Amino acid sequence: MRIADGPWQPLPVPRRRWWSWAFAPAGNLALAYQATVEQLVAQIDELDDSTDHDDPKITGLVGWALVNEIVREGAREGARDRELRWKIVRDGADYLLGPEIGIST
């Protein structure tokens, strides 16, 4: 994700603690986020390669809306009342560029 016109940075990953092997809600949430992104990528892969990223065939997917919410949730407190944007990188190249999302308190 990127806040305003700042540098691209990955969404924060929860730290593993010594007790994570028994109870890891943050880790489970991170796995759910990853599965959501993978689902969105799989759905987009099923579409025609010429489909634009702002086409309703993509922006209308449930995964698209969920990834927008994941990014909102992952935004740091410093991002409040600012714009942010997300992208999915696949095999080292930009795969999908998300919309600008307004974050407000």
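Residues numbered from 1 in each chain as written. Predicted model: local features only at pLDDT ≥ 70, side-chain atom pairs only at ≥ 80, totals over all residues. Heavy atoms only, no water.

1. A closer look at the pattern of salt bridges
- The full count for this structure, using the stated rule, is three salt bridges.
- A salt bridge links Arg90 to Asp45; the shortest N-O distance between them is 2.9 Å. With a gap of 45 residues between them, Arg90 in strand 2 (residues 82-90) and Asp45 in helix 1 (residues 25-45) connect regions that are remote in the sequence.
- Look at Asp45 and you get partly exposed, because its relative accessible area is 39%. (Salt bridge = Lys/Arg side-chain N within 4 Å of Asp/Glu carboxyl O. Helix = DSSP H or I, 4+ residues; strand = E, 2+ residues; numbered from the N terminus. Buried < 20%, exposed > 50% of the residue type's maximum accessible area, 1.4 Å probe, protein only.)

2. A word on the environment of Arg72
- Position of Arg72 among the secondary structure elements: in helix 3 (residues 62-74).
- Taking the C-alpha atoms as reference points, Arg72 and Trp86, separated by 14 residues in sequence, lie 9.6 Å from one another.
- Among the polar contacts listed, one links the side chain of Arg72 to the side chain of Glu69, at a separation of 2.6 Å. (Polar contact = N/O pair within 3.5 Å; in protein donor to acceptor, adjacent residues only side chain to side chain.)

3. Section: unusual backbone geometry
- Non-glycine residue Asp91 carries a positive phi angle of around 55°.
- Note that Asp91 resides in the loop between strand 2 and strand 3 (93-103).
- Overall, Asp91 belongs to the exposed group, its relative accessible area being 80%.

4. Examining the packing of helix 1 against helix 3
- Closest axis-to-axis distance for the helix 1/helix 3 pair is 9 Å, and the angle between their directions is 145°. When you trace helix 1 past helix 3, the crossing you get is left-handed. Of the residues in helix 3, those touching helix 1 at Tyr33, Thr36, Val37, Leu40 and Gln43 are Gly63, Trp64, Leu66, Val67, Ile70 and Glu73.
- Classifying every residue of the contact of helix 1 with helix 3 gives seven nonpolar, three polar and one charged. (Axes fitted to C-alpha atoms, helices over the stretch in contact; angles between N-to-C directions. Left-handed = near helix turned anticlockwise from the far one by under 90°. Contact = heavy atoms within 4.5 Å. Nonpolar A, V, L, I, M, F, W, Y, C, P; charged D, E, K, R; others polar.)

5. Here's the deal with the nonpolar core
- Counting 17 residues, the largest nonpolar core has Leu40, Ile44, Trp64, Trp86, Ile88 and Leu96 as its most contacted members.
- At the level of secondary structure, the elements contributing two or more residues to this core comprise helix 1, helix 3, strand 2 and strand 3.
- Here Leu40 is in contact with Leu61, Gly63, Trp64, Val67, Trp86, Ile88 and Leu96, once residues within four sequence places are set aside. (Core = buried A, V, L, I, M, F, W, Y, C linked by side-chain atoms within 4.5 Å.)

6. Overview of helix 1
- Relative to the 30 Å expected for 21 residues at 1.5 Å per residue, helix 1 spans 30 Å between its end C-alpha atoms, a close match to the ideal helical length.
- Among the residues of helix 1, Thr36, Leu40, Val41 and Ile44 are the ones counted as buried. For helix 1, the arc enclosing every buried residue in end-on projection is 135°, short of the 170-degree limit, so these residues lie on one face. (Expected span 1.5 Å × (residues − 1). Arc of directions from axis to C-beta.)

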